[in-house]
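Below, each chain spelled out in residue letters.
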Amino acid sequence: MKKIVFSGSIFLLIISFLGHVDHLCYARGVDELTRKVSDGILGYFADKTNTRTAIVKFENFSDLSDQAAQKFYQVLVSSLESSPPSQLVHIDLMVNFQKKRGEFNLNRIDRLNYLIYIKLIKHRDKLGAGVAIFSRTLDKLVYIQYFEENVSAGDREVYDVRDYGFKGTGFSSLMEIDADKNLLDFKTVINPDNAGNTGKAETYRYFFYYPDKIDIFVMEDNSFKKFFTYQLDWGRPYFPVLNKEGRLCLFYHDNGLYISVGSNFSPLARIFRLKDNLWKEIAAVDFTPIKLVRINQNDYLAGARYDEGKNFFRETLVLMPFVSGELDNTNRLEKRVPSFYSIDFSTARGEENGEAPLESIHLIDRDYNYRFLAGDLEERAVEPVKRGSSLAAFDGSWLAVSDYSTDVDKDKLYFYKIEEGSKRLVYENPIRGQAVFISPGAWKDRRGFWVYVKRNEGNREEYAEYRLQFWSKKNDE
Amino acid sequence: MSKRAKIIVIFVALAGLIFAIKPYYGGEVTIHLNEPANFNYTPSDYSNLVFYSLLYENFFYLKANGDIVSNIFDNYTYDKDQRVLVLELKEDLSFSNGSPIDTGSVVLSLKLFLNLKVETSFKLRRIIKRTQTEKNKVIIHLMYDSTDIVSLLTAPELVILSGSDGIFSGMFQPVEWERNRYIRLAPNKYYPGGRTYLDGVKVIFYDFYYPDMFLSKPGLNDSEFLEFNAGIYQNIYLGFPQGKVSTNKRLAVYSLLRDFAESVDMTPLNVLTSDEESPVTLNIKSLSYQRVRAILRRSRIQLYIVASLKEIEEKLEVFLEKRGIPLETIYMNDNVLRDFMNNAPIQYLLMVKVFNKRIPLEEKIKRIVKEMSFNRLDEDYLKMLNELEEVKFLNNDELLYDHVSRLIEKIVNDGFLLPLFQKKYSFYTGKWIKGIELDYYGRPLFQGMRLDPMSRPRPKAGENAAETAAAK
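Quick caveat, the model's predicted, so the values are computed rather than measured.

## Here's the deal with the overall build of chain B
Scanning chain B from terminus to terminus reveals 12 helices and 22 strands. Relative to the globule expectation of 23 Å for 472 residues, the C-alpha radius of gyration of chain B, 23 Å, shows essentially globular dimensions. Its C-alpha atoms give chain B principal-axis dimensions of about 70 × 65 × 40 Å. For chain B, buried positions account for 57% of its 472 residues. A sequence separation of at least 24 residues applies to 73% of the contacts in chain B between residues at least 6 apart. About 20,600 Å² of surface is accessible on chain B, with carbon and sulfur atoms providing 48% of the total. In chain B, the 61 positive side-chain charges and the 59 negative ones have mean positions that sit 2 Å from each other.

## Examining the pattern of salt bridges
Scanning all chains against the criterion turns up 56 salt bridges over all chains. Among the salt bridges present, the one from Glu 281 of chain A reaches Arg 270 of chain A, with a minimum N-O distance of 2.8 Å. Residue Glu 281 of chain A is found in strand 16 (residues 278-285), and its partner Arg 270 of chain A is found in strand 15 (residues 269-275); the two are separated by 11 residues along the sequence. Residue class for Glu 281 of chain A comes out partly exposed when judged on its relative accessible area of 38%. A salt bridge links Glu 437 of chain B to Lys 63 of chain B; the nearest nitrogen and oxygen atoms lie 3.4 Å apart. Placement of the pair is Glu 437 of chain B in strand 20 (residues 437-438) and Lys 63 of chain B in the loop between strand 3 (61-62) and strand 4 (68-69), with a sequence separation of 374 residues.

## With respect to the interface of chain B and chain A
Taken residue by residue, the interface counts 30 residues in chain B and 33 residues in chain A. Around 2,700 Å² of area is buried between chain B and chain A when both sides are counted, 55% of it from carbon and sulfur atoms. Linking chain B with chain A are 2 salt bridges, by the criterion used here. Between Lys 22 of chain B and Glu 245 of chain A there is a salt bridge, with its nearest N and O atoms 2.8 Å apart. Viewed at the interface, chain A and chain B are joined by 10 residue pairs in polar contact (both at pLDDT 80 or more). Considered class by class, the residues forming the side of chain B that touches chain A number 19 nonpolar, 6 polar and 5 charged.

Thresholds, definitions, all that
Residues numbered from 1 in each chain as written. Chains lettered and ligands numbered in written order. Predicted model: local features only at pLDDT ≥ 70, side-chain atom pairs only at ≥ 80, totals over all residues. Heavy atoms only, no water. Helix = DSSP H or I, 4+ residues; strand = E, 2+ residues; numbered from the N terminus. Rg over C-alpha atoms; globule rule 2.2 N^0.38 Å. Buried < 20%, exposed > 50% of the residue type's maximum accessible area, 1.4 Å probe, protein only. Contact = heavy atoms within 4.5 Å. Areas by Shrake-Rupley, 256 points an atom, 1.4 Å probe, with all protein chains shown as cover. Lys, Arg positive; Asp, Glu negative; His and termini not counted. Charge placed at Lys NZ, Arg CZ, Asp CG, Glu CD. Salt bridge = Lys/Arg side-chain N within 4 Å of Asp/Glu carboxyl O. Buried area = accessible area lost by both parts, 1.4 Å probe. Polar contact = N/O pair within 3.5 Å; in protein donor to acceptor, adjacent residues only side chain to side chain. Nonpolar A, V, L, I, M, F, W, Y, C, P; charged D, E, K, R; others polar.

Spelled out as structure tokens, the structure:
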């Protein structure tokens, strides 16, 4: 997968797109300082190999605004990330920047060899940057350097524009199909018969979760073909609801495919094992599983419990040990959080099925605030923004969140880069209709997000249309 | 014409509330109503009808636009030739205690309804031959073809009952009752229509300046409240169930209560239904105070009053004391009234009947005869009612009104009922409450009712102050 590189020259292009051509020449001051800092850091690591580093402290005591400082940081990180991986792997850990300080997810700091501190200051009319590098191996500072550059007022102004210049690009809807009403969740999973045969249409199976059944489809001749239907019989107690909600969770473990379904109309979620085309119910749990995650080398089925009959989850995250295909209720972990509408657990990039460590947890609380928990389950302060009730993360690299919109015709998808537990808004795209849920998944050879969209342009329920869209990045490979 | 008319029940379309911003669950609303005598289903006035609609689920709802909806049945099928109505019960429904709502519950509820002394029960008793159950189906065999059978099953009094006290089928269940002050209701998590958006309803009985919802006379024009006028009015009658009352005494009690009504600013009623529709206006001459006092001073009259009129208790006591008339008042719940009458005579009875102006005049008169004549319902009345039924199908308004007039005349001349006063109602709700609609019978449907988190109710501090003041 290609990375997005915001080099200085690309940034200038952004500026020109935004109509700030007048300021083009002034942007050089900050850009030059960024280049100096980058060169200084890369120079230190020039004779080193296999180093992993991250900026873990970034403070702004200059007269740059928070936005401008954040942009300085982004350009610097892009520059550092472009270095050869054999020499240096730079990881972006920033989750937020406000009030002149960056907030970093330091949960995975043990994976780093070097830590970088950066401080911006104002020195007369100049912008200065102090850089310090700390070696975790040697347990001491190994590099301290100060750089400065003349920065004009115009330069500052240019850096102060909002930094999401290409937010309309990147992700796009690659396909759309009609969907039935009452679809609760949708997931894709690699077809066990074709495991390893990636890149072909029949590589995946597509699971449609409805209140009373799970429909499984495969892709044949560029269209969905129903493969199997599993009828769900919930039994008592049953809580009738006005708005049905539910989550489907799929993961492979020990050569078997595990499928769990939870809902707001039954207090128990059901877990099945599918092996050799046989469905076997192996357990019923009192929470709705969302994902299998790994914490400290142990696998946990992570989820939360719907408040009965309502459209949100209760205030507790549940992590139930999953050992050798069995659940261990006695050693379950619980973590208090505000009650919330949606959640997803992000694991390391490229690894699903719980074999990768938990990196971050993303949720939208009942006041529509986005909240971020690091892999240690502790909440980190992030920029307070209102978002819609749907979100999902995939491949440990991207997070998609819907908009805080009450307009029945308009919604938006925000795409955040979340690699290594960071969080940075990169793209935003308008969508027609309202996102009911977002789910990570695949279509053909691409990975991305499935979005269940409701269109109700006349605001009359009988004319509502439902679509399932697949969103992926154009330049992803 | 198709032999078999299959009609799919229209479900309450609330799924439309799914947006990126979800409908808000939570909050408690206050509603001002009259205090019920108990939680057993005994609706006798408009306020009671609203109250019990919170606790008990109807078989069907008749919406204001004429749609019939049900939270109990998946669908129903009426076979005209076989004269059979099949109701298909939804699966896994439960009462508030988690016990199943099954076909047995439906049959029992229907049976209890048929035993009620209300007009629709009378009608259904004549139509329904027998019921049977089969898996999740309740099969109702009819005596004769009745295409409006399902419309009859929308009667507000036809609710799902468990047969036991303290078990409810409606949206809420009571969790706290402080007599003369309030009843607090919590959501029934098994409610067949789906858990309500509200986390609770506090039904208050004391004067509290701004509850979130209340019933009051139409046209208040309060900018903070929305008015829903369903055309509901409530008539209060003085009845003489035993019929062994002298004309003097009858008129004396009538005159006394008319005086009382005027003293508390109630609208006098000079017709059996309402001024707007009645072809006959009654001219009942009231006796003078001196005459009334002379007749009633040593008469030891016991006036029985239905419990739904308990709101007048205090004012009536003061009024009687001032007038120096020793009238004994006894308040009785509707459900014990009839049992009581079987064992002991009731000569004077103050009772209430709720009407909707959309219901035709002849239907109202039929209700009055059937529901308030008690053991005075004789062959003459039955004959006149049958004639009225026949005239109804002649589409001749003049003839119909003539029959209605004759019936009214007989009711008044026989002296089993005298109209006293009338109260008209609108339903008011604060503008911060969303998703409100009234059904055909003027009852607010609470299922889609929710607080708007964007515009919260007025500050609660004032409410507490008002509560404290009211309590004092």
